[in-house]
Amino acid sequence: MRKFLMTTAAMALALGVSQGAARAAENVEVLHWWTSGGEAAALDVLKKDLESKGITWTDMPVAGGGGTEAMTVLRARVTAGNAPTAVQMLGFDILDWAKEGALGNLDEIAAKEGWDKVIPGALQQFSKYDGHWIAAPVNVHSTNWLWINKAALDKAGGKEPQSWDELIAMLDNFKAQGITPIAAGGQPWQDATLFDAVVLSLGDDFYKKAFIDLDSATLGSDKMKEAFDRMTKLRSYVDDNFSGRDWNLASAMVIEGKAGVQFMGDWAKGEFIKAGKTPGTDFVCMRFPGTQGAVTFNSDQFAMFKVSADKVPAQLQMASAIENPTFQSAFNVVKGSAPARTDVPNDAFDACGKKAMADLADADKNGRLFGSMAHGHANPAAVKNAIYDVVTRQFNGELSSEDAVKELVSAVEGAK
Ligand code: GAL
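Notes on the structure in this doc start here. (Residues numbered from 1 in each chain as written. Predicted model: local features only at pLDDT ≥ 70, side-chain atom pairs only at ≥ 80, totals over all residues. Heavy atoms only, no water.)

Some words on the state of the cysteines
This structure, assessed with the given rule, holds 1 disulfide. Here C285 is linked by a disulfide to C352, with a sulfur-sulfur distance of 2.2 Å. Here the S-S torsion is close to -105°, and the disulfide linking C285 with C352 is therefore left-handed. Here the residue C285 occupies a position in strand 11 (residues 283-287), and C352 occupies one in helix 18 (residues 351-365), the gap between them amounting to 67 residues. (Disulfide = S-S within 2.5 Å. Helix = DSSP H or I, 4+ residues; strand = E, 2+ residues; numbered from the N terminus.)

Observations regarding the site of the ligand
Near the ligand, the surroundings consist of 14 residues, among which E39, N298, D300, K335 and H375 are the closest. Here an oxygen atom of the ligand and a backbone polar atom of G66 are 3.3 Å apart. In the model, an oxygen atom of the ligand is placed 2.8 Å from a nitrogen or oxygen of the K335 side chain. Here the ligand, which alone exposes 310 Å², has 100% of that area covered by the protein. Of the residues assigned to the shell around the ligand, the class counts are 6 nonpolar, 5 polar and 3 charged. (Near = heavy atom within 4 Å. Polar contact = N/O pair within 3.5 Å; in protein donor to acceptor, adjacent residues only side chain to side chain. Areas by Shrake-Rupley, 256 points an atom, 1.4 Å probe, with all protein chains shown as cover. Nonpolar A, V, L, I, M, F, W, Y, C, P; charged D, E, K, R; others polar.)

Comments concerning helix 10 (residues 188-200)
In this model, helix 10 (13 residues) spans 18 Å end to end at C-alpha, consistent with the 18 Å of a helix rising 1.5 Å per residue. For helix 10, the tally of buried residues reaches 12 of 13 residues, placing the bulk of the element in the interior. Taken together, the buried positions of helix 10 are occupied by W189, Q190, D191, A192, T193, L194, F195, D196, A197, V198, V199 and L200. (Expected span 1.5 Å × (residues − 1). Buried < 20%, exposed > 50% of the residue type's maximum accessible area, 1.4 Å probe, protein only.)

Quick look at the packing of aromatic side chains
Enumeration over the complete set of coordinates arrives at 17 aromatic pairs. On the basis of an interplanar angle of 45° and a centroid distance of 6.4 Å, the ring pair of W189 and W267 is categorised as tilted. Highlighted residues: W189 in helix 10 and W267 in the loop between strand 10 (259-263) and helix 15 (268-274), separated in sequence by 78 residues. Classification of W267 by relative accessible area gives buried; the value is 6%. (Phe/Tyr/Trp six-rings, centres within 6.5 Å; stacked < 30°, edge-to-face > 60°.)

Points about the sheet that holds strand 12 (residues 295-298)
Strand pairing within a sheet occurs via backbone hydrogen bonds; the two strands may be parallel or antiparallel. Strand order in the open sheet made by the 4 strands is 14-7-12-15, with mixed pairing throughout. Each edge of the sheet is formed by a strand with only one pairing partner; in this case those strands are strand 14 (338-339) and strand 15 (369-371). As judged from the 3 bridges shared by strand 12 and strand 15, these two strands associate in the parallel manner. For F297, the partnering residue across the bridge sits in strand 15 and is G371. Packed on one face of the sheet, helix 11 (residues 204-212) meets strand 12 and strand 15 and runs near 25° to strand 15. (Pairing = 2+ DSSP bridges. Contact = heavy atoms within 4.5 Å. Axes fitted to C-alpha atoms, helices over the stretch in contact; angles between N-to-C directions.)

Quick notes on the pairing of strand 3 (residues 86-90)
Summarising burial for strand 3: 5 of the 5 residues are buried, a large majority. In strand 3, alternate side chains face the same way, and those of A86, Q88 and L90 on one face and V87 and M89 on the other are all buried. Two strands pair when backbone bridges link them, and strand 1 (residues 27-32) and strand 3 are joined in this way by 2 bridges, in the parallel orientation. Within the sheet, the bridge partner assigned to L31 lies in strand 3 and is V87. Where strand 3 lies against strand 13 (residues 300-304), 5 bridges are found, and the strand directions are antiparallel. Bridge pairing in strand 13 links M89 to Q301.

Concerning helix 17 (residues 325-335)
F327, Q328, S329, F331, N332 and K335 are the residues of helix 17 that are buried. Two or three places before T326, at the start of helix 17, stands the capping residue N324, its side-chain oxygen 2.8 Å from that residue's backbone nitrogen. One or two steps after helix 17, the chain reaches G336, where phi turns positive at roughly 100°.

Re the side chain of S337
For S337, the position within the fold is in the loop between helix 17 and strand 14. At a separation of 2.6 Å, a polar atom in the side chain of S337 contacts the side chain of N332.

Section: unusual backbone geometry
Phi is positive for D130, which is not a glycine, with a value near 55°. As for its position among the elements, D130 is in the loop between strand 4 (128-129) and strand 5 (132-133). Of note, the phi angle at L214 is positive, near 50°, even though the residue is not glycine. The topology assignment puts L214 in the loop between helix 11 and helix 12 (216-219). Assessed through its relative accessible area of 9%, L214 is described here as buried.

Points about the pattern of salt bridges
It is possible for side chains bearing opposite charge to pair when their charged atoms get close. Under the defined criterion, the tally for this structure stands at 25 salt bridges. The shortest N-O distance in the salt bridge between E166 and K159 comes to 2.7 Å. On the basis of relative accessibility, which here comes to 52%, the residue K159 falls in the exposed class. With a shortest N-O distance of 3.7 Å, D362 and K365 are connected by a salt bridge. Remark: K365 and D362 occur in helix 18; sequence separation between them is 3 residues, near one turn of the helix. (Salt bridge = Lys/Arg side-chain N within 4 Å of Asp/Glu carboxyl O.)

Observations regarding the sheet that holds strand 8 (residues 145-149)
Across the sheet, 4 strands lie side by side as 9-10-8-11; this open sheet has mixed pairing. Because the sheet does not close on itself, it has two edges, and the strands there are strand 9 (180-182) and strand 11. Each strand of the sheet is rotated relative to its neighbour by a mean of 20°, with strand direction disregarded. Here strand 9 runs beside strand 10; their pairing, made up of 2 bridges, is parallel. Within the sheet, the bridge partner assigned to T180 lies in strand 10 and is A259.

Written out as structure tokens, the structure is:
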């Protein structure tokens, strides 16, 4: 009897422990900045997918497009010894955390599922550190897009602008129609997103030398002055209330016909879709004039942090769920992005999604795929933030183009 009692107690203890372990194993805590309507709808696809596999979701949203605020909160969490299971992250930030030894290891699952063969090299350079998988890429976005209100474009003659001059003519027409020509959000990362496209429109080589190679002569060139002059010109088409406006509210201005065009990455499409709008009918997607065929990309990845052993199984299941081809299609259709795998069929995607996938493949094949400066795929955060600062001050009229060029050279030198 005594023996039986002890056994029961031991069993209860064992059961308690295993239940606790099971609970931890079935939960993921996810830090992200997907808080707009379209972003939240996409995130929901992931949440539901995991829930269908018995994994519960602890949400840790940190609002702020581009993720600057999320990265600050993350730093505080990790410093406090309390890292989340998975964190939405961009490019060089992933490598920075890997260098600090803060990330886990996904090699086993990546090998079992053959990720090496289906995830393009451009993404793998950020999903792997020292040869080990540390993050699961969920999508590929790109920043050199225009989102145009179709009715406004029709009134302007219906032709998609193919050059800088045609773009300016379209903006003038929007002005004459009595709408705000450009729906802009005056936040540094949004100014920088526009700058990605403007710099690329002056040539692939120019973009590469300036932002990938950080070549001082290019950063300080007359062509860079021209890029800033173009920013000044575009600035003259925004409304008085643009300062500090969230990007999704700028998208809403185009959706509602209050503005003609937004220059933004294809997460903007998520907002149009969420509002029930159709490409070709309600809005038009096209590449920034002068950048056709080239792509400045950024990929959202879930960086997997070192967590206690009981939490690793759910973490690995989350990574596996993210790379599942069916999930990749379902998620990216809603998010506005292209899949992170090259073997996902494009059938479920709308015209803009199909174009995103085709452009990406072509740009990669033709050597015209470049990491986005604005979204952390060209440089580590220190350099990115130094560029943000100059671009924003110039866009807000605090610096002339000449001075911005000089400041850009010294800011980048100081941050390198
Ligand atoms: C980007 C991110 C996108 C989108 C956007 C605005 O950096 O890659 O997924 O969410 O920020 O929040």
